[in-house]
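Examining the three-dimensional arrangement
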Amino acid sequence: MSLLYSGPSLTVLHEEYAARGRVDPDAQLTSSSQLVADVPVERVWAVMADLRAWPSWASRIRILELGDVRPGASFRWRLNGVPLRSRFAVVEPWRELTWTGTFLGRYRAVDRHVLEPLEGGRTRITVEESLAGPLLPLFYREPMLRANHERWLADLARAAA
């Protein structure tokens, strides 16, 4: 993958990828992680969709601006100190929360969080992300992205328990 690859525009990512339940498979970084939580899907959704409460259980997140959690609504936040601007693409209770986002003005991401109810009141949580921008592989790599996802999943499962 080229160091200068920047991928589709944010509008295309939002409308043709995120809103249709897809990440950009050609992005410089893609990652997918799963965890099975021993809690029902309704509980996981309640915690995941309450962005205002994220900082109480996800230590590296700070919400800066948030209105309604609905498709098309924007929010601003910080992850690991990096300011992000995001917009919800899919808000489907008990099933999916997906958004697109930008950071440092040049980097674009699609983040998907998919819930699947399992037998015994358990829930499979899948986090999938694509990330692209100039020179991205020089300072951020797939193992770092995966580690962030796995930390997020563990924190989310703990908060929902």
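Here's what I pulled together on the structure shown here. (Residues numbered from 1 in each chain as written. Predicted model: local features only at pLDDT ≥ 70, side-chain atom pairs only at ≥ 80, totals over all residues. Heavy atoms only, no water.)

**A few points about a nonpolar patch on the surface**
Short version of the rule: A patch is a set of surface residues, each over 30% in relative accessible area and not in a salt bridge, joined within 9 Å for like charges and within 5 Å for the nonpolar side chains Val, Leu, Ile, Met, Phe, Trp and Tyr. Only the protein chains shown count as covering a residue, and every accessible area follows the Shrake-Rupley method with a 1.4 Å probe. Any carboxyl oxygen of Asp or Glu that lies within 4 Å of a side-chain nitrogen of Lys or Arg is treated as forming a salt bridge with it. Secondary structure follows DSSP: runs of H or I at least 4 residues long count as helices, runs of E at least 2 residues long count as strands, and numbering of each begins at the N terminus.
A contiguous nonpolar patch, built from Leu135, Leu138 and Phe139 and spanning about 290 Å² of accessible area, is present on the exposed surface. By the element assignment, Leu138 lies in helix 4 (residues 136–139).

**Thoughts on helix 1 (residues 10–17)**
This is how the line gets drawn: The buried label goes to any residue with under 20% of its type's maximum accessible area, the exposed label to any with over 50%, and the partly exposed label to all in between, with areas taken from a 1.4 Å probe on protein chains only. Working note: the arc is built from the helix axis to C-beta atom directions. We call two residues in contact whenever any of their non-hydrogen atoms come within 4.5 Å of each other.
Regarding helix 1, the residues found buried are Leu13, His14 and Tyr17. Buried residues of helix 1 fall within an arc of 115° about the axis and therefore sit on the same side. The secondary structure elements touched by the buried residues of helix 1 are strand 4 (82–92), strand 5 (96–103) and strand 6 (107–118).

**A look at unusual backbone geometry**
Phi is positive for Trp94, close to 70°, though the residue is something other than glycine. Its location among the elements puts Trp94 in the loop between strand 4 and strand 5. Overall, Trp94 belongs to the partly exposed group, its relative accessible area being 47%. Even without being a glycine, Leu104 presents a positive backbone phi close to 55°. The topology assignment puts Leu104 in the loop between strand 5 and strand 6.

**Quick look at helix 5 (residues 142–160)**
Here is the rule we go by: Take the number of residues in a helix, subtract one, and multiply by 1.5 Å to get its expected span.
Given a rise of 1.5 Å per residue, 19 residues ought to cover 27 Å, and the 27 Å separating the end C-alpha atoms of helix 5 matches this to within 8%. Of the positions making up helix 5, those classed as buried are Leu145, Asn148, His149, Trp152, Leu153, Asp155, Leu156, Ala157 and Ala160. Buried residues along helix 5 sit against strand 1 (29–37), helix 2 (41–48), helix 3 (54–57), strand 2 (61–66), strand 6 and strand 7 (122–132).

**Some remarks on the packing of helix 2 against helix 5**
Just so we agree on the cut-off: To obtain an axis, a line is fitted to C-alpha atoms, over the contacting stretch when the element is a helix, and the angle between two such axes runs from 0 to 180 degrees between their N-to-C directions. Roughly parallel refers to an angle under 35 degrees, roughly antiparallel to one over 145, roughly perpendicular to one between 65 and 115, and oblique to any angle outside these ranges. The sense of a crossing depends on the near helix, which, turned anticlockwise from the far helix by less than a right angle, makes the crossing left-handed and, turned clockwise, makes it right-handed.
The interhelical angle for the contact between helix 2 and helix 5, taken along N-to-C directions, is 115°, at an axis separation of 9 Å. The orientation of helix 2 relative to helix 5 falls into the category roughly perpendicular. Where helix 2 crosses over helix 5, the two elements pack in a sense that is right-handed. The residues of helix 5 that touch helix 2, namely those facing Arg43, Val44, Val47 and Met48, are Leu156, Ala159 and Ala160.

**Description of the pairing of strand 4**
Worth spelling out the cut-off: A pair of strands is labelled paired if DSSP reports no fewer than 2 bridges between them.
As defined by bridge partners, strand 3 (residues 74–79) adjoins strand 4 across 6 bridges and the pair is classed as antiparallel. Looking at the pairing, Trp77 lines up with Leu84 of strand 4. A loop of 2 residues connects strand 3 with strand 4, the two strands running antiparallel in sequence, and Asn80 in this loop sits at a positive phi of about 55°. As paired strands, strand 4 and strand 5 are joined by 8 bridges and run antiparallel to one another. For Leu84, the partnering residue across the bridge sits in strand 5 and is Phe103. From the end of strand 4 to the start of strand 5, which pair antiparallel, there are 3 residues, and Trp94 there has a positive phi angle of about 70°.

**Remarks on the environment of Pro134**
Counting through the fold element by element, Pro134 comes out in the loop between strand 7 and helix 4. Assessed through its relative accessible area of 13%, Pro134 is described here as buried.

**Some details on the pattern of salt bridges**
The tally for this structure, following the rule as stated, stands at 9 salt bridges. Glu96 serves as the salt-bridge partner of Arg95, at 3.1 Å between the closest nitrogen and oxygen. Taking relative accessible area as the criterion, Arg95 reaches 35% and is therefore assigned partly exposed.

**Here we look at the nonpolar core**
Just so we agree on the cut-off: Residues enter a nonpolar core if they are buried and are Ala, Val, Leu, Ile, Met, Phe, Trp, Tyr or Cys, with the set joined through side-chain atoms within 4.5 Å.
Counting residues in each nonpolar core, the largest one holds 39 residues, and the members touching the most others are Leu51, Trp54, Trp77, Phe88, Leu97, Trp152 and Leu156. Counting residues per element, this core draws most heavily on helix 5, at 6 residues. Among all residues touching Leu97, those that are not within four sequence positions of it are Trp45, Met48, Ala49, Leu51, Val69, Phe88, Val90, Val91, Asp111, Arg112 and His113. Core analysis: the second largest hydrophobic core is formed by 7 residues, Tyr17, Ala89, Val90 and Val110 among them.

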